[in-house]
Amino acid sequence: METLYLVTYVRHNKKTGGVAYKTEIATPDLAEARNKYHALFAEYAKKESDFDFVSVILTDSFGNRLDGEYWEENVEAEV
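Below or above, wherever it landed, is the structure these notes cover. (Residues numbered from 1 in each chain as written. Predicted model: local features only at pLDDT ≥ 70, side-chain atom pairs only at ≥ 80, totals over all residues. Heavy atoms only, no water.)

1. Topic: the packing of aromatic side chains
Any two aromatic rings considered together are summarised by their centre-to-centre distance and by the angle between their planes.
Right, so step 1: Counted by the stated rule, this structure contains three aromatic pairs.
Right, so step 2: Of the aromatic side chains, those joined through ring pairs into one cluster are Tyr9, Tyr44 and Phe51. (Phe/Tyr/Trp six-rings, centres within 6.5 Å; stacked < 30°, edge-to-face > 60°.)

So, in C-alpha cells, the structure goes:
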C-alpha cells in the first residue's frame, strides 16, 4: 500500500465557543499535502479571523507526525 499524507486541523471559534476538527486532505503526494498544510495555517491563524486557537498537523498514514504548528491568540489583560 502506498503512503498517504494527511493534513488535519483543530480550531476554536472565539465567538461561539465551538471546536471544529477535520482531516482536510489525504493524498499520496507529499508536496500537495505540504501546500495544503501551509495554506490552512495561513488562512486560520490570522488576527482578524473568528478563531483564537488553531492547530494544523501533517502526518503520514502510518501515524508519523511530519509537521505541526499551532497558533493561539494572545488577549492582553486590562490593567
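2. Looking at the pairing of strand 2 (residues 19-27)
Right, so step 1: In this sheet, strand 2 lies alongside strand 1 (residues 5-13) in antiparallel orientation, the contact comprising eight bridges. Pairing of Thr8 across the sheet is with Thr23, part of strand 2.
Right, so step 2: Linking strand 1 to strand 2, which pair antiparallel, is a turn of five residues; within it Gly17 sits at a positive phi near 80°. (Pairing = 2+ DSSP bridges. Helix = DSSP H or I, 4+ residues; strand = E, 2+ residues; numbered from the N terminus.)

3. Observations concerning the pattern of salt bridges
Right, so step 1: Under the criterion given, the structure shown has four salt bridges.
Right, so step 2: Salt-bridge contacts for Asp50 lead to Lys15; the nearest nitrogen and oxygen are separated by 3.1 Å. Remark: Lys15 occurs in the loop between strand 1 and strand 2 and Asp50 occurs in the loop between helix 1 (30-44) and strand 3 (51-60); sequence separation between them is 35 residues.
Right, so step 3: Among the residues examined, Asp50 registers a relative accessible area of 33% and is labelled partly exposed.
Right, so step 4: The residue Lys36 makes a salt bridge to Glu24 at a minimum N-O spacing of 4.0 Å. Note that Lys36 is positioned in helix 1 and Glu24 in strand 2, a separation of twelve residues in sequence.
Right, so step 5: Among the residues examined, Lys36 registers a relative accessible area of 28% and is labelled partly exposed. (Salt bridge = Lys/Arg side-chain N within 4 Å of Asp/Glu carboxyl O. Buried < 20%, exposed > 50% of the residue type's maximum accessible area, 1.4 Å probe, protein only.)

Coordinates in, geometry out; function isn't part of it.
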